[in-house]
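Chain by chain, the residues run as shown.
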Amino acid sequence: MSRSKKYRSTIWIAVGIFLLAAGYWYFTANHLKRQFSPLEWQIITEISEKPAPPKDPSNQYLNHPAAIKFGEQLFFSPLLSKDKTISCATCHPKENNWMDGKAVAVGSEKGTRNTPSLWNTVHNRWYFWDGRADSQWSQALQPFETPEEMGSSRLAVLHALNNDDGLKQGYEKLFETNLDFLADSVRFPPFGSPVIEFGLENPWLNMAPEDQHLINQHFVNIGKSIAAFEGTILSPPSDFDRFVHAVSNNQQTDYPESALKGLKIFLRKGNCTNCHSGFLLTNKEFHNIRLNEENGGRYEGIRKLLVSNFNKNSSFSDDPTTSRIEYVKLVKRNWGEFKVPSLRNVLYTAPYMHDGRFATLRDVIDYYSELKEAVPDIHVNETIIKPLNLTEEEKCNLEDFLSTL
Amino acid sequence: MKKYLTSIFILSLAFFTSCDTSVSVSHLVKIEFEPAEIPFNEFFNVLIELDTAHFKNVDLQQMNVEAIMPSHGHGMNVQPIVSPGEKPNSFKASGMLFHMRGDWEVQVFIKHADKLEKATLDVTI
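What you see is a predicted model; the values in this text were computed from it and never measured. (Residues numbered from 1 in each chain as written. Chains lettered and ligands numbered in written order. Predicted model: local features only at pLDDT ≥ 70, side-chain atom pairs only at ≥ 80, totals over all residues. Heavy atoms only, no water.)

Caption draft 1: The arrangement of the overall build of chain A in detail. A count of helical and extended segments in chain A gives 13 helices and 2 strands. Each principal axis of the C-alpha atoms in chain A carries an extent, and together these give about 105 × 60 × 35 Å. Relative to its full complement of 405 residues, chain A shows a buried share of 53%. Within chain A, contacts between residues at least 6 apart in sequence are counted, and of these 70% link residues at least 24 apart. Surface accessibility of chain A: about 19600 Å² in total, with carbon and sulfur atoms responsible for 55%. (Helix = DSSP H or I, 4+ residues; strand = E, 2+ residues; numbered from the N terminus. Buried < 20%, exposed > 50% of the residue type's maximum accessible area, 1.4 Å probe, protein only. Contact = heavy atoms within 4.5 Å. Areas by Shrake-Rupley, 256 points an atom, 1.4 Å probe, with all protein chains shown as cover.)

Given below as structure tokens:
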């Protein structure tokens, strides 16, 4: 055989090997995709699809670099709490996926609700487990005046900010204002708020309406700054995202077989995507999963939202037309409903449920599988909360899948 | 999705089924969506046009719009607001939100001539 023939043969063999390898890769990748229906694959890609950059027209300072920087200062500063020891980061530590890992939050006192992680919360529709706030800036204000959290009042918060040179300068520069008016302690007492009971001695009640409005405006600026910072807390791609990206692009993936089985349970037998859908793996709404009928949940949340001075429909919103509270109506079935939590990074955000009653993901799966502790469903007639009756293997698969989110 | 909605609408025109609490008038009510393709878990509007020969002098207080998921036993988590539409005898329900995928039934209730009349349209998201 001549040298040129040998050379051609070698090239053809190489091309053949290359085609075989490419074919193997292509069919292996497609083999994974073919295991799902078109609708299932659509739901899967929606989960891994990165959402558009956050926007909230009610907060003109969202995405504002100086507001983000100042909001970060406020977020980590304990100076604005009553005893100057509690900051937002106390319950939302960065190093622990922006949550405290406790069953219920502990600020100035022990609270009643589990601390949610702050990952991606800028994309929420409602805030708190009961949805009593409709914006992140409105949410950020409430812990200041909650006795179990920071235990302060809006007047005390602004005085504390005014008394710290660093915070005062940052605030006045960002909002192009001057807080020196707070020196008038007759018009602006050291503490007071319309939402905290101080008995007959609540100085807020003696303030002129225009002074109350002024304080509210500055207080809202604090919320908008913190919200601007929280808007930057976006989770990086997960193992699941990398799996979907690889399969979508006909690339090889080392996604665990058990997690793949768990994904199928999530989509099919578990019907989990009824509530856990989209990038956040939540439909951002409220449901009664029969955990506790004694707690008002969304029912109380709606009551508070509708009378809040800081909802998106208020004069403190930078765009009240974006409010959606006119579509919220208090109805009997809201009793016992809680917000569907995001499942992003769910492995790292234990314990679970609004009161942190389940210590592990496995506990949650056991609940949905058997509904052992479920209370009778007396306010709603939903038929989607039924025991899933998962086998031991299915439970493990589902847990493995959830661990990749 | 658009084709599917159109065919569903044609089917709803073709059938006239009565129910216990109301009279079905699906063939006399035109239901469209804004945007035309209903966005999943995003707010949208329903545009309603009543047959002028059957419905006379219908005002806002007589109109109500809801949506349910029959197989789930629940509806929307929001209550739409009905306002006058651009054409005569037309209305717009804003604040609709389908927060789950699956089969939904849009329900338009019209209190008319001492009866509660109901038009429905099945939609799959």
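Having seen the model, we can carry on.
Caption draft 2: Molecular detail of the packing of aromatic side chains. All names here are of chain A. For the coordinates displayed, the defined rule picks out 25 aromatic pairs over all chains. Where F75 meets F76, the ring centres are 5.0 Å apart and the plane angle is 75 degrees; that geometry is what we call edge-to-face. Take F76: its relative accessible area is 35%, and that puts it in the partly exposed class. A cation sits over an aromatic face here: R154 above W204, 5.5 Å from the ring centre. When the ring centre of W137 is taken as reference, the NZ or CZ atom of K224 above it lies at 5.0 Å. (Phe/Tyr/Trp six-rings, centres within 6.5 Å; stacked < 30°, edge-to-face > 60°. Lys NZ or Arg CZ within 6 Å of the ring centre and 35° of its normal.)

Caption draft 3: Inspection of the interface of chain B and chain A at higher detail. Across the boundary between the two partners, chain B contributes 19 residues, which contact 22 residues of chain A. Broken down residue by residue, the surface that chain B buries against chain A is led by B:F43, B:N77 and B:R101, which jointly contribute 31%. Applying the counting rule to chain B against chain A returns 1 salt bridge. In this structure, A:E46 engages B:R101 in a salt bridge whose closest nitrogen and oxygen atoms are separated by 2.4 Å. (Buried area = accessible area lost by both parts, 1.4 Å probe. Salt bridge = Lys/Arg side-chain N within 4 Å of Asp/Glu carboxyl O.)

Caption draft 4: Structural detail: helix α6 (residues 154–162) of chain A. With respect to burial, α6(A) is a largely interior element, 8 of its 9 residues being buried. Residues of α6(A) that are buried: A:R154, A:L155, A:V157, A:L158, A:H159, A:A160, A:L161 and A:N162.

Caption draft 5: Structural context of the nonpolar core. Formed by 76 residues in total, the largest nonpolar core has its most connected members in A:F240, A:L402 and B:F98. The biggest single contributor to this core is helix α10 (residues 257–267) of chain A, with 6 residues. If near-sequence neighbours (up to four positions away) are discounted, A:L402 is found in contact with A:F266, A:L343, A:V346, A:L361 and A:I365. Counting 43 residues, the second-largest nonpolar core is a separate cluster that includes A:W119, A:L155, A:Y171 and A:A228. (Core = buried A, V, L, I, M, F, W, Y, C linked by side-chain atoms within 4.5 Å.)

Caption draft 6: Broad picture of the packing of helix α7 (residues 165–175) of chain A against helix α8 (residues 209–230) of chain A. Residue and element names in this part refer to chain A. Running from amino to carboxyl end, α7 crosses α8 at an angle of 95 degrees, the nearest separation of the two axes being 12 Å. In this view, α7 runs roughly perpendicular relative to α8, as classed from their interaxial angle. Counting all contacts with α7, which are made through Y171, L174 and F175, the residues of α8 involved are H218, N221, I222 and S225. Per-class residue counts for the contact of α7 with α8 are 4 nonpolar, 3 polar and no charged. (Axes fitted to C-alpha atoms, helices over the stretch in contact; angles between N-to-C directions. Parallel < 35°, antiparallel > 145°, perpendicular 65-115°, else oblique. Nonpolar A, V, L, I, M, F, W, Y, C, P; charged D, E, K, R; others polar.)

Caption draft 7: Structural context of α7(A). Residues and elements named next belong to chain A. Within the sequence span of α7, burial applies to L167, K168, Y171, E172, L174 and F175. All buried residues of α7 lie within an arc of 165 degrees about the axis, which places them on one face of the element. Set apart from the buried face of α7 by more than 90 degrees, the exposed residues are D165, Q169 and K173. Those residues of α7 hidden inside the fold are in contact with α3 (65–76), α6 and α8. E176 lies just past α7 and shows a positive phi near 50 degrees. (Arc of directions from axis to C-beta.)

Caption draft 8: Fine view of unusual backbone geometry. Following A:A350, the chain continues into A:P351 via a peptide bond in cis, with omega recorded as -5 degrees. Inspection of the secondary structure puts A:P351 in the loop between β2 (338–339) and α12 (361–370). Residue B:E34 is joined to B:P35 through a cis peptide bond whose omega torsion reads 0 degrees. Its place among the elements puts B:P35 in the loop between β2 (29–34) and β3 (43–50). In this structure, A:N97 is a non-glycine residue whose phi angle is positive, near 55 degrees. Positionally, A:N97 belongs in the loop between α4 (88–91) and α5 (136–141).

Caption draft 9: How the structure looks around the pairing of strand β8 (residues 103–112) of chain B. Residues and elements named next belong to chain B. Among the 10 residues in β8, 8 count as buried, and that is most of the element. Alignment of strand β4 (residues 63–69) against β8, held across 6 bridges, turns out to be antiparallel. Within the sheet, the bridge partner assigned to E66 lies in β8 and is Q107. Relative to strand β9 (residues 115–124), β8 runs antiparallel, the two being bridged by 10 bridges. By the bridge assignment for β9, K111 is matched with L116. The loop that links β8 with its antiparallel partner β9 comprises 2 residues; one of these, A113, has a positive phi angle of about 50 degrees. (Pairing = 2+ DSSP bridges.)

Caption draft 10: View of the environment of A:R242. All names here are of chain A. By the element assignment, R242 lies in helix α9 (residues 239–248). Overall, the relative accessible area of 47% leaves R242 in the partly exposed class. C-alpha separation for the pair R242 and T253, spaced 11 residues apart in sequence, amounts to 8.2 Å.

Caption draft 11: Geometry of the pattern of salt bridges. All names here are of chain A. By the definition in use, this model includes 26 salt bridges over all chains. Ionic pairing is found between R268 and E40, a salt bridge with its closest N-O pair at 2.8 Å. Of the two residues, R268 sits in the loop between α10 and β1 (286–287) while E40 sits in helix α2 (residues 38–48), which places them 228 residues apart along the sequence. Judged by its relative accessible area of 35%, R268 is partly exposed. Through salt bridges with shared partners, a single ionic network connects R362, D366, E370, E392 and K395.

Caption draft 12: Focus on the side chain of A:S152. Relative to the elements of secondary structure, A:S152 occurs in the loop between α5 and α6. With sequence-adjacent residues up to four places away left out, A:S152 is seen in contact with A:L80, A:S81, A:K82, A:F144, A:E145, A:V157 and A:I196.

Caption draft 13: Expanded view of the pairing of β3(B). Residues and elements named next belong to chain B. As judged from the 6 bridges shared by β2 and β3, these two strands associate in the antiparallel manner. What sits directly across from K30, in β3, is E49. Relative to strand β7 (residues 90–97), β3 runs antiparallel, the two sharing 6 bridges. Of the residues in β7, the one forming a bridge with I48 is F91.

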